[in-house]
Amino acid sequence: MPTGPTDAKPESGKNGFADMILSLNSQCQAGEAVTLGDALDHAGARMHGAAILLLALPEALPLPIPSFGAILGVPLLMTSAHLALFGERGNLPARARQIRLPQRMLALMTRYFVGPMRRAERLSQDRLSALAGRERLVGVVCIALSSLLLLPIPLMNVPPALALVILSWGLVQRDGLFVGLGLAIAAAIMISIVAMTNVVLDALN
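In this report, the structure presented in the accompanying data block is examined. Worth saying up front: this structure is predicted, and the values here are computed from it rather than measured.

1. Brief notes about the overall build of the protein
Secondary structure assignment for the protein yields 11 helices and 0 strands. Taken from N to C terminus, the helices and strands of the protein fall in the order α-α-α-α-α-α-α-α-α-α-α. Expressed as a percentage of contacts within the protein between residues at least 6 apart in sequence, the contacts between residues at least 24 apart total 81%. As displayed, the protein has an accessible area near 9,800 Å², and 65% of this comes from carbon and sulfur atoms.

This is the structure we're talking about:
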């Protein structure tokens with residue numbers, strides 16, 4: 001259950017999410033177990049957005065590597081559902097906070113995302129608060145996108161994962177422009193799925 005508002009600026013804020021990933025990766029390389037709760041303690045407020053961002057980033061890599069969907073899919077769904085129900089208020093369930101982040105996942109994020117994330121941090125700003133504050137709507141959309149990541153379809157994880165990354169980045173940075181872009185991409189994905197399904201059904205008839 002939510003314990004109260006957490007509207008303060010994130011400790012990682014607009015200049016620290018990349019640094020947070022570097023710090024967590026260093027801890028993991030030193031042999032320390034790193035949990036989602038550890039990451040969220042670094043992130044401060046807006047922890048639902050931070051959790052979705054961390055869990056979706058590895059899936060956004062179009063690389064021939066084993067998918068993290070089987071490991072991260074359920075926590076991603078859990079976090080999205082909690083966001084849809086409560087918005088960015090209170091803590092995540094203890095079960096979600098105890099999930100261990102794989103070292104390979106943190107290493108991949110350090111290698112491929114720290115540089116782009118630093119550039120995105122410079123571009124982000126508080127804007128379009130009407131969109132940035134639609135946390136429950138974002139949670140509902142994230143549930144649908146997270147469900148797609150559980151489907152065993154090669155390379156189909158990338159588009160919904162990118163939409164999740166953009167949406168959650170908008171939440172973390174309080175940037176409605178990113179939230180709006182993520183919602184638009186999510187809508188395009190859903191429309192494409194419906195269109196492809198109709199094509200397949202027509203072909204089978």
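2. Here we look at a nonpolar patch on the surface
On the surface, Leu-128, Leu-131 and Leu-177 cluster together to form a nonpolar patch covering roughly 250 Å² of accessible area. Its location among the elements puts Leu-131 in helix H8 (residues 129–132).

3. Quick look at the packing of helix H1 (residues 17–29) against helix H6 (residues 103–112)
One way to put it is that H1 packs onto H6 with a least axis distance of 9 Å and a crossing angle of 140°. In terms of orientation, H1 lies oblique with respect to H6. Considering how the two elements wind past one another, H1 and H6 form a crossing that is left-handed. Taken together, the residues of H6 that come into contact with H1 (itself represented by Ile-21, Leu-22, Leu-24, Asn-25, Cys-28 and Gln-29) are Gln-103, Leu-106, Ala-107, Met-109 and Thr-110. The residue inventory of the contact of H1 with H6, partitioned by class, reads 7 nonpolar, 4 polar and no charged.

4. Notes on the pattern of salt bridges
Inspection of the entire model under this criterion finds 3 salt bridges. Asp-175 serves as the salt-bridge partner of Arg-127, at 2.7 Å between the closest nitrogen and oxygen. Linking Arg-127 in the loop between helix H7 (114–123) and H8 with Asp-175 in the loop between helix H10 (158–173) and helix H11 (176–204), this pair joins segments that are 48 residues apart in sequence. A relative accessible area of 0% places Asp-175 in the buried class.

5. Some words on unusual backbone geometry
If you check the backbone angles, Leu-128 has positive phi at about 50° while not being a glycine. Along the polypeptide, Leu-128 turns up in the loop between H7 and H8. For Arg-174, which is not a glycine, the phi torsion comes out positive at approximately 55°. For Arg-174, the position within the fold is in the loop between H10 and H11. On the accessibility criterion, Arg-174 (14% relative accessible area) is buried.

Quick notes on the rules
Residues numbered from 1 in each chain as written. Predicted model: local features only at pLDDT ≥ 70, side-chain atom pairs only at ≥ 80, totals over all residues. Heavy atoms only, no water. Helix = DSSP H or I, 4+ residues; strand = E, 2+ residues; numbered from the N terminus. Contact = heavy atoms within 4.5 Å. Areas by Shrake-Rupley, 256 points an atom, 1.4 Å probe, with all protein chains shown as cover. Patch = residues over 30% accessible without salt bridge, like charges linked within 9 Å, V, L, I, M, F, W, Y side chains within 5 Å. Salt bridge = Lys/Arg side-chain N within 4 Å of Asp/Glu carboxyl O. Axes fitted to C-alpha atoms, helices over the stretch in contact; angles between N-to-C directions. Parallel < 35°, antiparallel > 145°, perpendicular 65-115°, else oblique. Left-handed = near helix turned anticlockwise from the far one by under 90°. Nonpolar A, V, L, I, M, F, W, Y, C, P; charged D, E, K, R; others polar. Buried < 20%, exposed > 50% of the residue type's maximum accessible area, 1.4 Å probe, protein only.

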